Amino acid sequence: MAPNPKLAAALSAAEAESGEKGAIYETILADIQTLASPTTAADLDAIFDSFFGQSLGLVASRSFLNTFIATLKSIEKESLWIEVGNRTLNRLAAQPSSFFDAAATIYELVATAHENNEDFLDAAKALAEIPLDSSQRKVSDADKARVWVRIVRNYLEVGDDTAADMYINKLKNIMHTVSDPDLNLHFRLSQARIQDAKRDFLFAAQRYHEISFFPTVAEEERLHTLSMAVKCAILAPAGPMRSRILGRLYKDERSAQLAEFGILEKMFLDRLLSPAEVDKFAEGLQPHQLATTADGSTVLAKAVVEHNLLGVSRLYNNIQFGALGALLGLDADKAEETTARMIEQGRLVGRMDQLEGIVRFEGGEASGEKGSGRAEVVANKEMRRWDANVESLAEEVENVINSLQKEFPSFVAANLVA
């Protein structure tokens, strides 16, 4: 498509001019809406080609590019940003590396257009092209983090957890130098989402719970993040580690406001869950949280069976595998297999008699260590009791700080040292 005739005439006059041409081209860009309305990709491409055909030098070229990009941004049309942006980037690729800053700005503009169109994969690919490690362009850790966080969030939108995790690993190396609270929040939230997507539910629950205390997050979003922490904790494998995170969530006074509080309470108190309660809880889960595992069961079904098995161990000293399977909704062989796995992994304390087809629960606290059975060493028990007391004290201190933050934010900001 040819440029607007009026614009073409202005460009011909600029090329014939013998004086300062840089200022003339910037004037043409400033008057673009008058010279070409509506402005098309052909119009902007013609201006770009005409200018760079003059070989006006590095300083004039940089000034022109800044004005050219500002003009492109001012025309709020995503298709134009993408078409003109990509063509400009192709032309700049053949130019000296002195234009890295301009190229970076255009890549971000193209990515923004893709994000507005919900083409998140294309947005991630555009952002990934931004030169961040070049010796010709110094980029701060905060600027790198800003780009990488956007890439991670775009990959997460399309469910590419592997690609997102690659950039999270890059961010881990620099986030300790970044003070921007929003970037730190998005980094932590992205970590939690990746761990959630990878079904690493214990660590995801911990991350979500930490984020739910961030004062920069709106109250509604904090409750949503707390809800995500509860869901992940419920889906995590039963055992001592999950019991600890369930305890922290249950003691969080905000949890009583959540729809999931009923099932959280039952899990924390080791009460058996009914199928109706599980079905209701499943309605609020995301697709990956309901995915089928290698053994044919869902993540939720497996978590509920293991939880109910722990609940049974609190009610019975011993039980036949057939009766246990009836309580868990499994056949006897599957009940035996599940029990054996949890005992072997140190998540349940008991002994199995396969000749009699019975399991004897021994009570006490499981160690959580593979093949260890009950944690019987007195020193270890004392250390765990000490850890629990320290954890409880830390939670109470955190509750006090949160209350102060809510009532006296300026005092906390002035006196609290992280």
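All values derive from a computational prediction rather than experimental measurement.

Student: An account of the overall build of the protein chain is needed here, citing residue identities and associated values.
Tutor: In terms of regular secondary structure, the protein chain is built from 21 helices and 3 strands. In terms of C-alpha radius of gyration, the protein chain reaches 30 Å, well past the compact-globule figure of 22 Å for 418 residues. Its C-alpha atoms put the protein chain at 100 × 50 × 40 Å along the principal axes. Put simply, the protein chain has 418 residues, and 44% of those count as buried. In the protein chain, once contacts between residues fewer than 6 apart in sequence are set aside, the share between residues at least 24 apart is 56%. Counting every atom, the protein chain has about 21,900 Å² of accessible surface; 51% of that belongs to carbon and sulfur. Distance between charge centroids for the protein chain: 4 Å, based on 44 positive and 61 negative side chains.

Student: Describe the packing of aromatic side chains, and please don't skip the residues or the numbers.
Tutor: Inspection of every chain in the model, using the stated rule, returns 12 aromatic pairs. Judged by centre distance (6.1 Å) and plane angle (80°), the rings of Phe52 and Phe64 are edge-to-face. Placement of the pair is Phe52 in helix H4 (residues 41–52) and Phe64 in helix H5 (residues 58–74), with a sequence separation of 12 residues. By the burial criterion, Phe52 is buried, and Phe64 matches it. Seen in terms of ring centroids, Tyr250 and Phe261 are 5.7 Å apart; in terms of plane orientation they differ by 5°. Their pairing is stacked. Within this pair, whereas Tyr250 is found in helix H14 (residues 240–251), its partner Phe261 is found in helix H15 (residues 261–268), the two being separated by 11 residues in sequence. Following the ring pairs from residue to residue traces out a cluster consisting of Tyr25, Phe48, Phe51, Phe52, Phe64, Phe68 and Phe99. If you follow Arg254 out to its NZ or CZ, it ends over the ring of Phe213, 4.4 Å from the centre.

Student: I'd like a rundown of unusual backbone geometry, residues and numbers included.
Tutor: Backbone geometry at Arg199 places phi at a positive 65°, although glycine is not the residue there. If you trace the backbone, Arg199 turns up in the loop between helix H11 (181–197) and helix H12 (201–211). The partly exposed category is assigned to Arg199, whose relative accessible area is 35%. Here the phi dihedral of Asp270 falls at roughly 60°; this positive angle occurs in a residue that is not glycine.

Student: Quick one: what's the story with a nonpolar patch on the surface, residue by residue and with numbers?
Tutor: A cluster of nonpolar residues, Leu272, Leu315, Tyr316 and Leu327, forms a patch on the protein surface that exposes about 360 Å² of accessible area. Its place among the elements puts Leu315 in helix H17 (residues 299–315).

Student: Outline the pairing of strand S3 (residues 358–361), listing residues and values.
Tutor: Two elements, strand S1 (residues 318–320) and S3, share 3 bridges in a ladder whose sense is antiparallel. Bridging across to S3, Asn318 finds its partner in Arg360. Bridge count between strand S2 (residues 350–353) and S3: 4 bridges; the pairing is antiparallel. By the bridge assignment, Arg351 is partnered in S3 with Arg360. Adjacent in sequence and paired antiparallel, S2 and S3 are bridged by 4 residues, among which Gly357 carries a positive phi angle near 65°.

Student: Break down the sheet that holds S2 for me, citing the residues and quoting the values.
Tutor: Pairing is antiparallel across the open sheet formed by 3 strands, whose spatial order is S1-S3-S2. Strands with a single pairing partner mark the edges of an open sheet, and in this sheet they are S1 and S2. On average, each strand axis in the sheet is tilted by 15° relative to the strand beside it, whichever way the strands run. Relative to S2, helix H19 (residues 332–344) is tilted by about 140°, and along the sheet it contacts S2 and S3.

Student: Help me get a handle on the pattern of salt bridges, residues and values and all.
Tutor: Overall, the coordinates contain 22 salt bridges when judged by the stated rule. The salt bridge partner of Asp180 is Arg146, with a shortest N-O separation of 3.7 Å. One end of the pair, Asp180, is in the loop between helix H10 (161–172) and H11; the other, Arg146, is in helix H9 (residues 141–157), and 34 residues separate them in sequence. Judged by relative accessible area, which is 25%, Asp180 ranks as partly exposed.

Student: Explain helix H8 (residues 120–128) to me, using residue names and the numbers behind them.
Tutor: Turning to H8, its buried residues are Phe120, Ala123, Ala124, Ala126 and Leu127. Angular distribution of buried residues about the axis of H8 spans 160°; they occupy a single face of the element. The inward-facing, buried residues of H8 abut helix H7 (100–116) and H9.

Student: Kindly report on the nonpolar core, identifying the contributing residues and their values.
Tutor: One finds Ile47, Phe64 and Leu171 to be the most contacted residues of the largest nonpolar core, which totals 66 residues. Of the residues forming this core, the biggest block, 9 residues, is contributed by H7. When sequence neighbours within four positions are dropped, the list of residues in contact with Ile47 reads Leu7, Leu11, Tyr25, Ile28, Leu29, Ile32 and Phe64. In this structure, Leu185, Ala204, Ala229 and Val230 belong to the second largest nonpolar core, which totals 36 residues.

Student: If you had to explain the packing of H5 against helix H6 (residues 78–92) to someone new, which residues and values would you point to?
Tutor: With their axes 10 Å apart at the nearest point, H5 and H6 run at an angle of 160° to one another. In terms of orientation, H5 and H6 fall into the roughly antiparallel class. Where H5 crosses over H6, the two elements pack in a sense that is left-handed. Residue-level inspection shows Leu65, Phe68, Leu72 and Lys73 of H5 in contact with H6, the latter providing Leu80, Trp81, Val84, Gly85, Thr88 and Leu92.

Rules used in this analysis
- Residues numbered from 1 in each chain as written.
- Predicted model: local features only at pLDDT ≥ 70, side-chain atom pairs only at ≥ 80, totals over all residues.
- Heavy atoms only, no water.
- Helix = DSSP H or I, 4+ residues; strand = E, 2+ residues; numbered from the N terminus.
- Rg over C-alpha atoms; globule rule 2.2 N^0.38 Å.
- Buried < 20%, exposed > 50% of the residue type's maximum accessible area, 1.4 Å probe, protein only.
- Contact = heavy atoms within 4.5 Å.
- Areas by Shrake-Rupley, 256 points an atom, 1.4 Å probe, with all protein chains shown as cover.
- Lys, Arg positive; Asp, Glu negative; His and termini not counted.
- Charge placed at Lys NZ, Arg CZ, Asp CG, Glu CD.
- Phe/Tyr/Trp six-rings, centres within 6.5 Å; stacked < 30°, edge-to-face > 60°.
- Lys NZ or Arg CZ within 6 Å of the ring centre and 35° of its normal.
- Patch = residues over 30% accessible without salt bridge, like charges linked within 9 Å, V, L, I, M, F, W, Y side chains within 5 Å.
- Salt bridge = Lys/Arg side-chain N within 4 Å of Asp/Glu carboxyl O.
- Pairing = 2+ DSSP bridges.
- Axes fitted to C-alpha atoms, helices over the stretch in contact; angles between N-to-C directions.
- Arc of directions from axis to C-beta.
- Core = buried A, V, L, I, M, F, W, Y, C linked by side-chain atoms within 4.5 Å.
- Parallel < 35°, antiparallel > 145°, perpendicular 65-115°, else oblique.
- Left-handed = near helix turned anticlockwise from the far one by under 90°.

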